[in-house]
Amino acid sequence: MLILGLESSCDDCSAAVVEETAAGPVLRSLVRESQDAIHGPFGGVVPELAAREHLLQVRAVMAAALAQAGVGLTGLDRIAVTRGPGLVGSLLATFSASKAAAWRHGLPWVGVHHLLGHLNAARFAAPDLPFPALVLLVSGGHTHLYLAKDWTSLQLLQKTRDDAAGEAFDKTARMLNLGYPGGPVVDACAQAAPRTAEPFTPPKFRDGKASWSFSGLKTGVKLRVERNPRLAEAGAADPEVQGLCRSLQEAISTWLLKPLPALAQEHSARSLVISGGVACNSRLRSEAARLAARAGLRLAIPEPRLCTDNGAMIAAAGALLTPEGDPWIQNADADLKL
Ligand code: KG4
Ligand code: ZN
């Protein structure tokens, strides 16, 4: 089965052709147009600009994915697209394009929940993953832990009490004037750091639960920059900036992973999936490998280009879902529930 997957829920416009085989999904092509240069000056995604840019990008992105896979729309067996959640103006670009293409060529059409997409990104490298699985989805908008009993079900176990982990990376990069998005540049700085700076204190919760909160990190970084204003201008090559990035990255990865062993035991989990943009983080990836080995969990973290938003994960999830009847009556949903 050949599936075209489309994704434009935030600021990436992406299309991919995936072949679903008996041995799992195989990536035939993947195209992504980044809008970083557009949103960079604002330090975050501007929804109106993202929506306009997606409209300009979507046709070329689709055409490039099909051309790279050497297939035309008529050669497809199915079209899958992100239905939500996300920015509605952004979602509508690929959503409308998918409906038009499905109608024109009489193709089966399926709308996919964005987070089921992130889970299915792990299916490329681990099609035989044993379930139940703990699924940590960490991005600019999500820091959520789910229990999955298969590739198409996610049951929420816990989520951040305030900011997403990706936001802590992005806001830190903004305060240090390192550019946007913050995750990759903070990661590179942290890896180059000769030493860590003072560690960040983990949050304490009155109810005593092992939980997540990342908003204190923003304040922590802000106070350090106020104390040492040089940091805001010193740039990515500065050892003190690098040390601060390393402390931040260590705090985020340690805090993210801390509750997992107990929850894995409580839910008899056999594997751990980590996906979403923050799953590209080098320290999170290496620490997760150690944790999984210690806890006897099979670990599945997609390759970095499949961790961030992409059309391939939507195609992989769409391969497992039942196509909807009439695409015309379908709508995107900014607040889509699982
Ligand atoms: O999944 P994604 O592409 O989009 C959302 O749905 O949010 O995730 C984007 C987030 C951004 O916050 C970005 O800074 C973060 O993923 N990110 C990283 C890394 N690469 C991307 N965070 C930490 N380390 C990285 N290497
Ligand atoms: Zn995402």
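Residue positions are given per chain, counting from 1 as you read along its sequence in written order. Naming scheme: in the order in which they are written, chains are lettered from A and ligands are numbered from 1. This being a predicted model, a pLDDT of at least 70 is required before a residue's local features are given, and a value of 80 or more before pairs of side-chain atoms are given or counted; all residues contribute to the totals for chains, interfaces and linings.

An unreviewed UniProt entry lists the chain under the name tRNA N6-adenosine threonylcarbamoyltransferase, from Geothrix oryzae. Quoted verbatim from the Catalytic activity (unreviewed entry) field of UniProt, the annotation for the chain is "L-threonylcarbamoyladenylate + adenosine(37) in tRNA = N(6)-L-threonylcarbamoyladenosine(37) in tRNA + AMP + H(+)". UniProt positions are given in the numbering used here, feature names are shortened, and annotations may be inferred rather than shown by experiment. Note on the chain: under the UniProt heading Subcellular location (unreviewed entry), the record states "Cytoplasm".

## Focus on the domain arrangement of the chain
On domain assignment, one finds that the chain holds domain 1 (2-121 + 306-329) and domain 2 (131-301). Domain boundaries shown here were taken from an automatic or database domain assignment. Computed over C-alpha atoms, the centres of domain 1 and domain 2 are 27 Å apart. Between domain 1 and domain 2, the residue contacts involve 15 residues of the former and 17 residues of the latter. A run of DSSP states H or I qualifies as a helix once it reaches four residues; a run of E qualifies as a strand once it reaches two. Both are numbered from the N-terminal end. Elements that contribute at least two residues to the side of domain 1 that touches domain 2 include exactly α1 (36-39) and α4 (114-120). When residues of the side of domain 1 that touches domain 2 are assigned to their parent elements, the largest contribution, 5 residues, is made by α4. Classes in brief: Ala, Val, Leu, Ile, Met, Phe, Trp, Tyr, Cys and Pro nonpolar; Asp, Glu, Lys and Arg charged; the others, Gly included, polar. Residue classes in the side of domain 1 that touches domain 2 are distributed as 7 nonpolar, 7 polar and 1 charged. By the criterion used throughout, residues are in contact when their C-beta atoms, derived from the backbone, lie within 7 Å.

## As for the UniProt feature "domain: Gcp-like" (unreviewed entry) in the chain
Under the local residue numbering, the UniProt record ascribes the feature "domain: Gcp-like" (unreviewed entry) to residues 31-315. With 49% helix and 14% strand, residues 31-315 has end C-alpha atoms that lie 13 Å from one another.

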